[in-house]
Amino acid sequence: MIAMSDIYEKIMDLAKRRGFIWPTSECYGSVAGFIDYGPLGSMMKRNIENIWRKFYIVSEGYYEIECPTIGQEEIYIASGHVKGFSDKMCQCPHCREYLRADHVAEGHQIQGASAMKSGELESVICSLPCPACEEVLGPVEVFSFNLMFQTTIGPGSQRTGYLRPETAQGIFTDFQRLLRFYRDKLPFGTVQIGKSYRNEISPRQGMIRLREFTQAEAEIFVHPAEKNHPRFHRYARYEMPLLGVPQQMAGLSPLSMTMQEAVEKGIVANEYVAYYLALTHDLLVSIGVSPERLRFRQHLPDERAHYAEDCWDAEVFSGRFGWVETVGIADRTDYDLRAHEQQSGERFAVFLPYEIPRRINRVRVIPNMGALGPRFRGSAKAVADALCACVPGPEGISLTIEGKEVLITPDLYEVREEVVEVPGEEITPHVIEPSYGIDRMIYAVLEHNYHEEIVDDEERRVLSLPAAVAPIQVAVFPLMNRDGLPEIAGEIADALRSRGILAEYDDSGAIGRRYRRQDEIGTPFAITVDYDTREDRTVTLRDRDSMRQVRTGIDGIPDLIRSLIDGTTSFVEL
RNA sequence: GCGCCGAUAGUGUAGUGGUUAUCACUAGGCGUUGCCAACGCCUAAACCCGGGUUCGAGUCCCGGUCGGCGCACCA
């Protein structure tokens, strides 16, 4: 068993040494919050993203789009990031500590500090002591620190742009186009995988908190009154541990239950949220997150955004960092679409025709303008509007027009009962949003699959990555570097490559050393060509985790490896 | 950002202000080796950056960068 305090060092050491993850631009001294994915890390990341795509695009049918990482200011005014993503900060003139100005004020029982403007805060906190050095702050400048990277678009800095702090907004701003694409029907979903940026004040914890990170987000637009997932049955009986608000309040451990139960008992708000909780569990486990180190925690009322109906985090356990939020699944209601409606002046709604147009009996008031006009002159329009908005009785009605009460007698209007046909209704969809932090998933997969064991008095380090996640899927070795064995091994490697399988050929040094090298980078299978191969065209196929070997014919190798990677065959069956 | 600690080949390390910077692993080459980091020979490879003190700095001092811990911050 590996001491948990060491695990991060061991993972990052391996990641650095073997080309998974590097500090960025080391030759100039790297920058905190940024990392480079090396060759193996890049491939592993792409594999995980492609598994994600299998779940969301192939299986759910939600197509992917790709939007710019720089967005104009209006987008982030609408999303609330310009305002809500910034903190009022100040610097203590004595100890040069950066402080949250509103926190300083609230620390001295000053109410409403978080809503104050910079100037107000300056006058409030100047008489307060610095929480760090205890000196009275004195006159300080309060400034806004926004977590978004700001830039300008075009020359002359006329136009403010921001590096996106999440990929979601691109999907919202494309809503009308997407709605057309999906031919005006609900529900539909759209996904995006890409970089997002947050200028963290002080990023620590290596790849857990990055300033540039990769998100995979899905936005699923649903009818507000129909939050039943059409394929809920797929996961209805899927059982997993849920740490709901009541469990957290009572300090209990997560409750294991099926998604059906979770929805019926009202622990999860609706089928959609429950469905993506289960899908996320399924996805994370399939990329190699250990189920024992995975839990789903519901946001407490005070950490949940005010508009969100329900919100859950998939948290993975790290020996170093504890429970780390890795995926967020939220029912964001119509908040985002309404925000963009308001900012842009465009309509972000779906017109949904009724199956049969509804006939509605309606009472309509028709003002007699011929009579109202001469009588009320300039106020006639106001009277007519007020009249239409109410239902007058048989004796007429008393209205207050421009401060004066007037009696409108029945001869000034006509009340007509009519049947109108309503073809459908316009609704603003609700958004279900599963949002994945790819970099954290990669770290979790590395940590959960790293093993050290002693084999014949030698330490063996293994990354037990699922075959579909491993950067290199198969290694091909000639047992000896002569007698025609390298040629046969080369042919096998080529045959694998022509089937789209990433195969690494290696003929250097002892066979055991070559196996161990592949173990450390998670290559699930190794093929060794030996002297028997020349006689009977069979090779040894070795399994990384069990170190077991089987003999198999050369010609079936590409198909066999393909099915082992896909999971349609497992090594133990061979 | 603040405070404390650290930084030497790819990795882990040794190194009282004074030779050509130690050792192991790793990597590359050759030989050997008939399936799990074997062995032999050879080779490559480092003092984080910038100032200062000193005849002389990997070593002492100052500043920076990066990393760790604590604080603060963290849609």
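These notes cover the structure that comes with them.

Criteria and cut-off values
Along each chain, residue indices are assigned from 1 in the same order as the chain's sequence is written. Chains carry letters from A onward and ligands carry numbers from 1 onward, assigned in written order. The predicted origin of the model limits local features to residues at a pLDDT of at least 70 and limits the giving and counting of side-chain atom pairs to 80 or more, whereas totals for whole chains, interfaces and linings rest on all residues. The side-chain quantities take in all heavy atoms of the structure and omit both hydrogens and water. Strand pairing is assigned whenever DSSP identifies at least 2 bridges connecting the two strands. Segments assigned H or I by DSSP are reported as helices when at least four residues long, segments assigned E as strands when at least two residues long, and all are numbered from the N terminus. Structural elements are reduced to axes, namely lines fitted to C-alpha atoms, with helices fitted over the stretch in contact, and the angle between N-to-C directions of any two is expressed from 0 to 180 degrees. By definition, residues are in contact when any of their heavy atoms lie within 4.5 Å. Relative accessibility under 20% of the residue-type maximum defines a buried residue, over 50% an exposed one, and the middle range a partly exposed one, all with a 1.4 Å probe and only protein chains included. Within 3.5 Å is the distance limit for a polar contact, defined as a pair of N or O atoms, with the added protein rule that one can donate a hydrogen and the other accept it, and that residues adjacent in sequence qualify only through two side-chain atoms. Any angle that is under 35 degrees is reported as roughly parallel, and any over 145 degrees as roughly antiparallel; angles of 65 to 115 degrees are reported as roughly perpendicular and all others as oblique. The crossing is said to be left-handed when, going from far helix to near helix, the turn is anticlockwise and less than a right angle, and right-handed when the turn is clockwise. Here the nonpolar group is Ala, Val, Leu, Ile, Met, Phe, Trp, Tyr, Cys and Pro; Asp, Glu, Lys and Arg are the charged ones; every other residue, Gly included, is treated as polar. Whether a residue is near a molecule or strand depends on its heavy atoms: it is near if one of them lies within 4 Å of it.

Here we have 3 strands laid out as an open sheet, ordered β6-β5-β7, and antiparallel in their pairing. Here the strands that pair on one side only, and so sit at the sheet edges, are β6 (98-100) and β7 (142-146). In this sheet, adjacent strand axes meet at a mean angle of 45 degrees when their direction is disregarded. Taken together, the 3 bridges between strand β5 (residues 86-91) and β6 define a ladder with antiparallel strand orientation. Looking across to β6, one finds that Met89 is bridged to Arg100. Where helix α6 (residues 118-125) meets the sheet, it contacts β5 and β7, and its direction lies at approximately 125 degrees from that of β7.

Mapped onto the fold, Val31 is located in the loop between β1 (21-23) and β2 (35-37). The spatial distance from the C-alpha of Val31 to the C-alpha of Arg211 is 9.8 Å, given a sequence separation of 180 residues.

Spatial strand order, β25-β24-β26-β27-β28: 5 strands in an open sheet with mixed pairing. Strands with a single pairing partner mark the edges of an open sheet, and in this sheet they are β25 (503-505) and β28 (549-553). For this sheet, the mean angle separating the axes of adjacent strands, direction not counted, is 25 degrees. Summarising the sheet, strand β26 (residues 525-529) and strand β27 (residues 538-543) pair through 4 bridges and their orientation is antiparallel.

We now examine helix α13 (residues 335-344). Taken residue by residue, α13 has Asp336, Leu337, Ala339, His340 and Glu341 as its buried positions. Contacts made by the buried residues of α13 are with α3 (73-78), α7 (168-173), α8 (175-181) and β11 (212-222). Of the residues flanking the end of α13, it is Gly345, one or two places downstream, whose phi is positive at about 80 degrees.

The next thing to look at is the side chain of His299. With respect to the element layout, His299 can be found in the loop between β14 (294-298) and β15 (310-318). In this structure the side chain of His299 is engaged in a polar contact, spanning 2.8 Å, whose partner is the side chain of Asp313. Beyond its immediate stretch of four places on either side in the chain, His299 contacts Val245, Arg304, Cys311 and Asp313.

Put simply, helix α2 (residues 39-59) and helix α12 (residues 271-286) touch, their axes get as near as 10 Å, and they point 150 degrees apart. With respect to α12, the axis of α2 lies roughly antiparallel. At the point where α2 passes α12, the crossing takes the right-handed sense. Contacts between α2 and α12 pair Ile51, Trp52, Phe55 and Tyr56 from the former with Tyr276, Leu279, Thr280, Asp282, Leu283 and Ser286 from the latter. Looking at the contact of α2 with α12 residue by residue, the class counts come to 7 nonpolar, 2 polar and 1 charged.

Right, let's talk about the protein's contact with RNA strand B for a bit. RNA strand B sits among 44 residues. The nearest are Arg100, His103, Arg198, Arg517 and Thr540. The sugar and phosphate moieties of RNA strand B supply 53% of its atoms located within 4 Å of the protein. Within the contact set of RNA strand B, a base nitrogen lies 2.4 Å away from a side-chain nitrogen or oxygen of Thr540. One of the side-chain nitrogen or oxygen atoms of Arg542 is found 2.9 Å away from a base nitrogen of RNA strand B. At the level of secondary structure, the elements contributing two or more residues to the surface near RNA strand B comprise α1 (4-17), β6, β23 (458-463), α18 (511-521), β27 and β28. Here the surface near RNA strand B gets 6 residues from one element, more than from any other, and that element is α18. By residue class, the composition of the surface near RNA strand B is 14 nonpolar, 9 polar and 21 charged.

Turning to the packing of α2 against helix α16 (residues 438-449), a few remarks are in order. In the contact formed by α2 and α16, the axes pass within 11 Å of each other and the chain directions differ by 110 degrees. In terms of axis orientation, α2 runs roughly perpendicular to α16. Where α2 approaches α16, its residues Met44, Lys45, Ile48 and Glu49 are matched on the opposing element by Ile438, Asp439, Met441, Ile442, Val445 and Leu446. Class assignment for the residues of the contact of α2 with α16 results in 7 nonpolar, no polar and 3 charged.

Everything listed here is a matter of geometry and, on its own, says nothing about what the molecule does.
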